[in-house]
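# Close look at the chain arrangement
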Amino acid sequence: MVDAIFHGAVSVLARLREIVAEPGDPEKAASWRKEQFGVLRRHTPGMMVANIGNAFALFATLRDTPMAMQAALWTQAVMLFCGYLYLRARRRPGAGRAAAPEAARTGGRAIVYALFLGLLWAAPPLLFFQPARPGAQLMIATLTAGMLFGGAFALARAPLAAAAFALPVGLASAVALLKSGGADFTRVAVVLCIYLAVLGRGVCVEAETFKARILAQFDAERQARTDPLTGLPNRLAFIDAMERELARMRRHGGSFLLLCVDFDNFKTINDGLGHPAGDELLTQAASRMRAALRGSDFVGRLGGDEFAVIATEVGCAESARLLAARIVACFEAPFILDGCPVRCAVSVGGALGPRHGADQQALFKSADVALYQAKAQGGGWRLFEPPHAGARADWIDSADPAAA
């Protein structure tokens, strides 16, 4: 029996190790952690109310016994800790996509909190079970078993937190039963260990199913937001990125640059060399733009030969000119299509938020106007100038690469 329990525990631990291993993709790992601990945060207020209610029930059972003072101190500790977690969860509702470091910190805190709560619930069987009357023992066993199994399943989507909570409670309960003596208590302790192994397998199954669902959902969302040809974010993803940047700008101030990029002679190349060559041109151009831009910049393909860029923390015409010049320059070298060098230039139009538009529609309209003006001048780039501004200071003309 002991060997069976031991091997079952080893099997659960091995499976747990596989489940908690993070995906290699940092964005996918952050998404999994965010969903994982977002669920826990949403359920925390209800779980803490249940903890406090059960603690009061235990205190009511022991208040007329010599253990009343110990029970009162323990109940106060549960109330204080659970009250803290309740208020913390209500103040900080989960929202948005967490970065990987933040998700890791949240996971670490959840495990520590679960362990401390497990240690609190490990105390009643160790301190109160053996000297209690049979009726009080039944209440202690019922409350402890309810917290053990209910808490483990409530935390099942974060299996390390579930294990941190359940193991102290389960081990303390088994020790209390064995210390009480008698064959009946020993048999109950053995049955409890078997149930703990079954509980561990159930937690692993729930965690594994949850992880597979979240990762599959992430892959589906990424596929829906990625241009299959270039691998860049598509129009849907770009619009979402614009909304996030506008929201950040409204909350914290600052500015950003929107660039619209359009090939000057793509149709001629596509018609002359065929669609496969046109697709190859788009793929190579996307790779060049990604390499030319900063790591903080967001580039996407809107459709056809239309690309767009969000450049954060760009608030003046000179910074915009320098960034646009890098895009224009990356098209100077010929593209190799079907073994032949082919030249393709671009026109770039830019608009600064919030100067040229405080919402997405206004910014795109301003950038499109600047793009058409760049095309009319024969290529290069233009920064949007409001119609009422007569000065030429905001116009940036880099049709001549040397000017960049």
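What you are looking at is a predicted structure, and each value in this text was computed from that prediction instead of being measured.

### Some details on unusual backbone geometry
The step from Gly353 to Pro354 runs through a cis peptide bond, and the omega angle for that step is 5 degrees. Along the chain, the position of Pro354 falls in the loop between strand 6 (346-353) and helix 12 (360-376). Backbone geometry places Glu313, a non-glycine residue, at a positive phi of 55 degrees. Within the secondary structure, Glu313 is located in the loop between strand 3 (306-312) and helix 11 (317-329). Even without glycine at this site, Asp338 takes up a positive phi of about 55 degrees. In this structure, Asp338 sits in the loop between strand 4 (335-337) and strand 5 (340-342).

### Details of the packing of helix 6 (residues 159-179) against helix 7 (residues 183-224)
Close contact between helix 6 and helix 7 brings their axes to 9 Å; oriented N to C, the two are set at 175 degrees. Between helix 6 and helix 7, the angle is such that the two are roughly antiparallel. Contacts between helix 6 and helix 7 pair Pro159, Ala162, Gly170, Ser173, Ala174, Leu177 and Leu178 from the former with Phe185, Thr186, Val188, Ala189, Leu192, Cys193, Leu196, Val203 and Ala207 from the latter.

### Re the sheet that holds strand 7 (residues 380-383)
Across the sheet, which stays open at both edges, the five strands sit in the order 2-3-1-6-7 with mixed pairing between neighbours. Unpaired on one side and paired on the other, strand 2 (298-303) and strand 7 mark the two borders of the sheet. The mean angle between the axes of side-by-side strands here comes to 20 degrees, regardless of whether they run parallel or antiparallel. As defined by bridge partners, strand 1 (residues 256-263) adjoins strand 6 across eight bridges and the pair is classed as antiparallel. Residue pairing for strand 6: Leu259 is matched across the bridge by Gly350.

### Things to note about a nonpolar patch on the surface
On the surface, a nonpolar cluster with roughly 350 Å² of combined accessible area is contributed by Val191, Ile194, Tyr195 and Val198. The residue Ile194 is located in helix 7 in this model. What makes Ile194 partly exposed here is its relative accessible area of 32%.

### Overview of the side chain of Lys28
Locating Lys28 in the fold gives a position in helix 2 (residues 26-62). Among the polar contacts listed, one links the side chain of Lys28 to the side chain of Asp219, at a separation of 2.9 Å. Beyond its immediate sequence surroundings of up to four residues, Lys28 is in contact with Pro23, Leu215, Phe218 and Asp219.

### Details of the nonpolar core
With 45 residues, the main nonpolar core has Trp74, Leu117 and Phe165 as its most contacted residues. Of all elements in the fold, only helix 2, helix 3 (68-91), helix 4 (100-129), helix 5 (134-154), helix 6 and helix 7 reach the threshold of two or more residues within this core. The dominant element in this core, judged by the number of residues it contributes, is helix 6, at nine residues. In this structure Leu117 touches Met48, Asn51, Phe81, Cys82 and Phe165, once residues within four positions along its chain are discounted.

### A few points about the confidence of the model for the protein chain
For the protein chain, the average pLDDT comes to 87, and 88% of its residues sit at 70 or higher. Under a pLDDT of 50 for its full length, residues 94-100 has, in the predicted model, 13 contacts with residues more than four places off or in other chains. A low-confidence stretch, residues 389-404 (pLDDT under 50), is modelled with 26 contacts involving residues beyond four sequence positions or located in other chains.

### Let's talk about the pairing of strand 2
Looking at chain direction, strand 2 and strand 3 are connected through five bridges and run antiparallel. Paired with Phe298 across the two strands is Ile310, which belongs to strand 3. Between strand 2 and the antiparallel strand that follows it, strand 3, lie two residues; Gly304 among them carries a positive phi value of about 55 degrees.

### Things to note about the side chain of Thr144
With respect to the helices and strands, the residue Thr144 is situated in helix 5. Take Thr144: its relative accessible area is 5%, and that puts it in the buried class. In contact with Thr144, other than residues within four places in its own chain, are Trp121, Pro125, Val169 and Ser173.

Rules used throughout
- Every chain is numbered independently, its residues counted from 1 as its sequence is written.
- Where totals are concerned, whole chains, interfaces and linings use all residues; where local detail is concerned, this predicted model gives features only for residues with pLDDT of at least 70, and gives and counts side-chain atom pairs only at 80 or more.
- With hydrogens and water stripped out, all remaining heavy atoms of the structure feed into the side-chain values.
- Helix and strand definitions here come from DSSP, where helices need a minimum of 4 consecutive H or I residues and strands a minimum of 2 consecutive E residues; each element is numbered from the N-terminal end.
- Axes, fitted as lines to C-alpha atoms, cover a helix only where it is in contact. Angles between the N-to-C directions of the axes lie from 0 to 180 degrees.
- By the definition adopted for this analysis, an angle is roughly parallel if under 35 degrees, roughly antiparallel if over 145, roughly perpendicular if from 65 to 115, and oblique otherwise.
- Residue contacts follow a heavy-atom distance rule, with two residues in contact if any of their heavy atoms lie within 4.5 Å.
- By definition, two strands form a pair when at least two bridges between them are found by DSSP.
- Patch building starts from residues that exceed 30% relative accessible area and form no salt bridge, then joins like charges within 9 Å and nonpolar side chains (Val, Leu, Ile, Met, Phe, Trp, Tyr) within 5 Å.
- Where accessible areas are quoted, they stem from the Shrake-Rupley method and a 1.4 Å probe; at the residue level, only the protein chains shown are allowed to cover.
- One side-chain nitrogen of Lys or Arg within 4 Å of one carboxyl oxygen of Asp or Glu is enough to make a salt bridge.
- Throughout, exposure labels follow a simple rule: accessible area from a 1.4 Å probe, protein chains only, divided by the maximum for the residue type, with under 20% read as buried, over 50% as exposed, and the rest as partly exposed.
- The definition of a polar contact used here is a pair of N or O atoms within 3.5 Å, where within protein one atom must be able to donate a hydrogen and the other to accept one, and adjacent residues in sequence count solely through side-chain atom pairs.
- Take the buried residues of types Ala, Val, Leu, Ile, Met, Phe, Trp, Tyr and Cys, join any two whose side-chain atoms come within 4.5 Å, and each joined set is a nonpolar core.
- The predictor's confidence in any single residue is recorded as pLDDT, a number from 0 to 100.

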